[in-house]
Amino acid sequence: MRARLRAADEEIQPPPGLWTRIAESAPAPGAPRSPLSFLRRRPQLMTVLFTVAALALGLVVWRLVGTGSERPAPPGPGTGLEVTVYNSEPACEKARTVRCALRLARDPHQAYAAPGNAAGRVWNGDRLATECVLTNGRLVRDKAGTVSNRWYRVTSAEGAEGWLPGVHTRDVHQVPLCPSGES
């Protein structure tokens, strides 16, 4: 059997010009290589990089969607949905001082800081019952530079009812639109 295989190997002739084509297609010594050629030669490294990217994407999705743990809704009217108050100032992450309080507005079409437009106070991390969202309110910018004209009709755990600017929450779940003319 070995003799027959050796004889078959000796009968095989490479096509004319094969070695010339191979030599022409090979990069010249010292020629720049593609940035991906390094990864193609190391499949284990490619696998590790792909796994890390997939885990990072999974973590981002998990943070956006949440852990699935249900918290009791605060008292007040609403859709059963709630939003979490977000204050962009790092010093106010845990402080419940007057300086760190964010206001609920009476009217989302008036200036947010206007003296007569305060309906209550909320702080970073507060969970608010949410009734609906208004998408054409007054444009508001937070200290970090985020802007939004979305306003959520909310009720705090203390019973304060008002409008929370969209820049003061990072929740992404669907809240129904407010009926026309509500403000």
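Bear in mind that the values here come from a model prediction, so they are computed numbers and not experimental data. (Residues numbered from 1 in each chain as written. Predicted model: local features only at pLDDT ≥ 70, side-chain atom pairs only at ≥ 80, totals over all residues. Heavy atoms only, no water.)

Visitor: Help me understand the overall build of the protein chain in this model?
Guide: Helices and strands together make up the secondary structure of the protein chain, namely four helices and eight strands. Counting from the amino terminus, helix and strand elements in the protein chain follow one another as α-α-α-α-β-β-β-β-β-β-β-β. Each of the 183 residues in the protein chain was classed as buried or not, and the buried ones make up 27%. Contacts in the protein chain between residues far apart in sequence, at least 24 positions, make up 57% of those at least 6 positions apart. Here the protein chain displays about 12,900 Å² of accessible surface, and carbon together with sulfur accounts for 59% of that area. (Helix = DSSP H or I, 4+ residues; strand = E, 2+ residues; numbered from the N terminus. Buried < 20%, exposed > 50% of the residue type's maximum accessible area, 1.4 Å probe, protein only. Contact = heavy atoms within 4.5 Å. Areas by Shrake-Rupley, 256 points an atom, 1.4 Å probe, with all protein chains shown as cover.)

Visitor: Where do I start with the side chain of aspartate 142 in this structure?
Guide: Structurally, aspartate 142 can be placed in the loop between strand 5 (140–141) and strand 6 (147–148). Relative accessible area serves as the criterion here: at 6%, aspartate 142 is assigned to the buried category. For aspartate 142, the side chain forms a polar contact with the main-chain nitrogen of threonine 146, separated by 2.9 Å. (Polar contact = N/O pair within 3.5 Å; in protein donor to acceptor, adjacent residues only side chain to side chain.)

Visitor: Which parts of the structure should I look at to understand a nonpolar patch on the surface?
Guide: A surface patch of nonpolar side chains, amounting to about 490 Å² of accessible area, comprises Leu57, Val60, Val61, Leu64 and Val65. Summarising the element assignment, valine 60 is placed in helix 4 (residues 43–65). In this structure valine 60 comes out as partly exposed when scored by relative accessible area, which is 47%. (Patch = residues over 30% accessible without salt bridge, like charges linked within 9 Å, V, L, I, M, F, W, Y side chains within 5 Å. Salt bridge = Lys/Arg side-chain N within 4 Å of Asp/Glu carboxyl O.)

Visitor: Help me understand the nonpolar core in this model?
Guide: Among soluble globular proteins, nonpolar side chains are generally buried collectively. Counting residues in each nonpolar core, the largest one holds 21 residues, and the members touching the most others are Leu104, Val122, Leu128, Trp151, Val154 and Leu164. Counting residues per element, the ones that place at least two in this core are strand 2 (102–105), strand 4 (127–134), strand 7 (151–155) and strand 8 (161–165). A per-element tally of this core places strand 4 first, with four residues. Ignoring any residue separated from it by four or fewer positions in sequence, one finds leucine 164 in contact with Val83, Val85, Leu104, Val122, Leu128, Arg150, Trp151, Tyr152, Val154 and Thr169. (Core = buried A, V, L, I, M, F, W, Y, C linked by side-chain atoms within 4.5 Å.)

Visitor: I keep staring at the state of the cysteines and nothing clicks. Help me out?
Guide: Summed over all chains, the structure comprises two disulfides. Cysteine 92 shares a disulfide with cysteine 100; S-S distance 2.1 Å. Measuring handedness by torsion sign, the sulfur bridge of cysteine 92 and cysteine 100 sits at about -70 degrees and is left-handed. Residue classification places cysteine 92 among the buried positions, given a relative accessible area of 1%. Disulfide pairing is shown between cysteine 132 and cysteine 178; the S-S distance is 2.0 Å. Negative torsions about the S-S bond denote left-handed disulfides, and the value of about 90 degrees found for cysteine 132 with cysteine 178 makes this one right-handed. (Disulfide = S-S within 2.5 Å.)

Visitor: How do you make sense of the packing of aromatic side chains when you look at a structure like this?
Guide: Where two aromatic rings form a pair, the distance of their centres and the angle of their planes describe that pair. A full pass over the atoms with the stated rule returns one aromatic pair. Here the aromatic rings of tyrosine 112 and tryptophan 151 are separated by 5.7 Å at their centres, their planes lie at 65 degrees, and the arrangement is edge-to-face. Taken together, the residues span a long stretch of sequence, with tyrosine 112 in the loop between strand 2 and strand 3 (118–122) and tryptophan 151 in strand 7 at a distance of 39 residues. Judged on exposure class, the residue tyrosine 112 and its partner tryptophan 151 are both buried. (Phe/Tyr/Trp six-rings, centres within 6.5 Å; stacked < 30°, edge-to-face > 60°.)

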